[in-house]
Amino acid sequence: MALITCQNAAFAYEGNTAVSNLNFAVHRGDYLCIVGENGSGKSTLIKGLLGLKVPQSGSVWMGDGLQPNKIGYLPQQTAAQKDFPASAYEVILSGRLGTRGILPFYSRVDKKIAEKNIKRLDIGNLRGRCYRELSGGQQQRVLLARALCAAEKMLLLDEPVAGLDPVVTRELYRLIEKINHETNITVIMVSHDIHSAVKYASHILHLQNTQVFFGKTKDYVQSEVGNRFLGITRRQESGGEAGGGEGSD
Amino acid sequence: MIDILLEMFSYTFLVRAVIVGLLVSLCAALLGVSLVLKRYSMIGDGLSHVGFGTLAVATAMNASPLTVSIPVVVMAAFMLLRISENSKIKGDAAIALISTSSLAIGVVVISITTGMNTDVCNYMFGSILAMSKSDVILSIVLAIVVLILFVIFYNKIFAVTFDETFAQATGVKTGLYNMLIAFLTAITIVLGMRMMGALLISSLIIFPALTSMRVCKKFKSVTICSACVSVLCFFSGVVISYLQATPTGASVVIVNIIAFLLFWTANSIIRRGYA
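Quick summary incoming for the structure in this document. (Residues numbered from 1 in each chain as written. Chains lettered and ligands numbered in written order. Predicted model: local features only at pLDDT ≥ 70, side-chain atom pairs only at ≥ 80, totals over all residues. Heavy atoms only, no water.)

Details of the overall build of chain A
Okay, so step 1: Secondary structure summary: chain A contains eight helices and nine strands in total.
Okay, so step 2: Taken over C-alpha atoms, the radius of gyration comes to 18 Å for chain A, in line with the 18 Å a tight globule of 249 residues would show.
Okay, so step 3: Here the C-alpha coordinates of chain A stretch approximately 50 × 40 × 35 Å along the principal axes.
Okay, so step 4: Across the 249 residues of chain A, 52% fall into the buried class.
Okay, so step 5: In chain A, the share of contacts with a sequence separation of at least 24, taken over all contacts with a separation of at least 6, comes to 68%.
Okay, so step 6: When the accessible surface of chain A is totalled, it reaches about 11,100 Å², and 48% of it is carbon and sulfur.
Okay, so step 7: Each charge sign in chain A was given a centre, from 29 positive and 24 negative side chains, and these centres are 7 Å apart. (Helix = DSSP H or I, 4+ residues; strand = E, 2+ residues; numbered from the N terminus. Rg over C-alpha atoms; globule rule 2.2 N^0.38 Å. Buried < 20%, exposed > 50% of the residue type's maximum accessible area, 1.4 Å probe, protein only. Contact = heavy atoms within 4.5 Å. Areas by Shrake-Rupley, 256 points an atom, 1.4 Å probe, with all protein chains shown as cover. Lys, Arg positive; Asp, Glu negative; His and termini not counted. Charge placed at Lys NZ, Arg CZ, Asp CG, Glu CD.)

Let's talk about the packing of helix H3 (residues 108-120) of chain A against helix H4 (residues 136-150) of chain A
Residues and elements named next belong to chain A.
Okay, so step 1: For the pair H3 and H4, the least separation of the axes is 9 Å and the interaxial angle reads 135°. It follows that H3 is oblique to H4 by the angle criterion. The element H3 and its partner H4 pack so that their crossing is right-handed. Only Ala145, Leu148 and Cys149 of H4 make contact with H3, whose side of the interface consists of Ile113, Ala114, Asn117 and Arg120. (Axes fitted to C-alpha atoms, helices over the stretch in contact; angles between N-to-C directions. Parallel < 35°, antiparallel > 145°, perpendicular 65-115°, else oblique. Left-handed = near helix turned anticlockwise from the far one by under 90°.)

Topic: the interface of chain A and chain B
Okay, so step 1: On the chain B side, the residues contacting the 36 residues of chain A number 27 residues.
Okay, so step 2: With both chains or domains summed, chain A and chain B bury close to 2,700 Å², and 63% of this area falls on carbon and sulfur atoms.
Okay, so step 3: If you sort the residues of chain A by the area they bury against chain B, Phe84, Pro85 and Leu97 of chain A come out on top, with a joint share of 22%.
Okay, so step 4: Inspection of the region where chain A meets chain B yields two salt bridges.
Okay, so step 5: The set of elements that each furnish at least two residues to the side of chain A that touches chain B consists of helix H2 (88-93) and H4 of chain A.
Okay, so step 6: The dominant element in the side of chain A that touches chain B, judged by the number of residues it contributes, is H4 of chain A, at four residues.
Okay, so step 7: Here the side of chain A that touches chain B is built from residues that sort into 22 nonpolar, eight polar and six charged. (Buried area = accessible area lost by both parts, 1.4 Å probe. Salt bridge = Lys/Arg side-chain N within 4 Å of Asp/Glu carboxyl O. Nonpolar A, V, L, I, M, F, W, Y, C, P; charged D, E, K, R; others polar.)

Focus: the nonpolar core
Okay, so step 1: Counting residues in hydrophobic clusters, the biggest one holds 138 residues, and the most contacted among them are Tyr31, Val142 and Leu144 of chain A together with Leu47 of chain B.
Okay, so step 2: When residues no more than four places from it in sequence are discounted, the contact partners of valine 142 of chain A are Ala88, Val91, Ile92, Ile123, Leu126, Tyr131 and Leu134 of chain A.
Okay, so step 3: Membership of the second largest hydrophobic core comes to 27 residues, among which are Val26, Leu66 and Ala150 of chain A together with Phe166 of chain B. (Core = buried A, V, L, I, M, F, W, Y, C linked by side-chain atoms within 4.5 Å.)

Here's the deal with the sheet that holds strand S2 (residues 16-26) of chain A
All names here are of chain A.
Okay, so step 1: Taken in spatial order, the three strands make up an open sheet running S2-S1-S4, and their pairing is antiparallel. Looking at which strands have only one partner, the edges of the open sheet turn out to be S2 and strand S4 (57-62). For this sheet the average axis-to-axis angle between neighbouring strands, irrespective of direction, equals 30°.
Okay, so step 2: The pairing of strand S1 (residues 4-13) with S4 spans five bridges and is antiparallel. Residue isoleucine 4 lies in a different strand from S4, and its bridge partner there is methionine 62.
Okay, so step 3: Contacting S1, S2 and S4, helix H1 (residues 42-49) crosses the sheet at an angle of about 120° to S1. (Pairing = 2+ DSSP bridges.)

Dropping the structure here:
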């Protein structure tokens, strides 16, 4: 049974349909990359998958015990976070909040899960450090650990490599790939970086306010739309105009 | 020193003022951390101006100031919150609009009814004589409510402050907690306003948080530190104002400025030490 199934789904942003005609399914262990240009409806779709937006039409099903609040979400960073005085541990532990319900404090189990994810991402040395003093890559690792604290089955990453330098970008991609392989956790990633997307993802969903392509990555590379998009970004990059193409070779 | 304190506390009005003031500065400091980090500092300032307007109207109607002010300011808090969250209207402009409007209404109401006299000055810059016995009881009850709610919802407030989108995605009702913060802030501001003055009360919210953020690195230590800084600054401010016969509100703010500068200097010295 699929974790997420979209059938003819459409989502609106401030009353206007942002993305429509969505027909895709995500299965356990998949690594799906959602690609498309700015304003193609990626962020709106993410809100829909997180249950923060109801579909305008069509339907979104969750199976296999998945619930919107059990998805480990890694949002784009906000300006306020850049100078936020919090230790990495406080941030990571806050990933457990969704499981607490109305209970006010964290339990020993919550702390154990936080420790487990700290170990998994090898960031024990960052635990007591102040979040605002970490480098961009370290901050993303901390946020990834927080996302893992919230999720058993699925991670949803919104442009996790935006603003990172090529070396750190590659490390983060490897880390995400490792988590995906070792624990069979499903990964959905929104990315501008199409070249890394086709390199790491098992499936691609290409949006252009409607679904232009959904399928296996190897089919996408062969497809006309995929070729065109890969070609366009490659040309833009050589012209030095790429939007978020860091880290691609 | 002890003699001075004993002498101070032989005056009932001073004891009342200190009790209310300490509780208000504690609440303001706790809420301030969240407000400053969420970039909502202006809401505190806007609310205090709304409070000035309601004080003036309450005096004109001969009603108890707190019972009129609290509901109106709480409503204004929810409204300001809505405005700040709605990106279509620019939040800071809307806040300025509301605060100047209530200031103008307040001044007009005062000049029509009692005339522009020392009352206006007291509303603006605070008066230590303002606390009646029922005010003290109400303040203590409300301050305890604020403290309990803050402790119970501490983890949620942290999550909502740090990353609203993530908190929302994990099923936390962020709107509810934003309203809770706005509600508690409104109450704190009304309680502290008459002593600190409408123009100065927001300093109790903003200064301690900014001061402790110079030095502390964890959310919990920032919260605890700003609570301590706020209480200490208030107390020293009151003592200084008693000794030097300076206005209480302004003296407390001056002490806060000194604390901020001290922490700031301490931080740059520590930084240089590491480098």
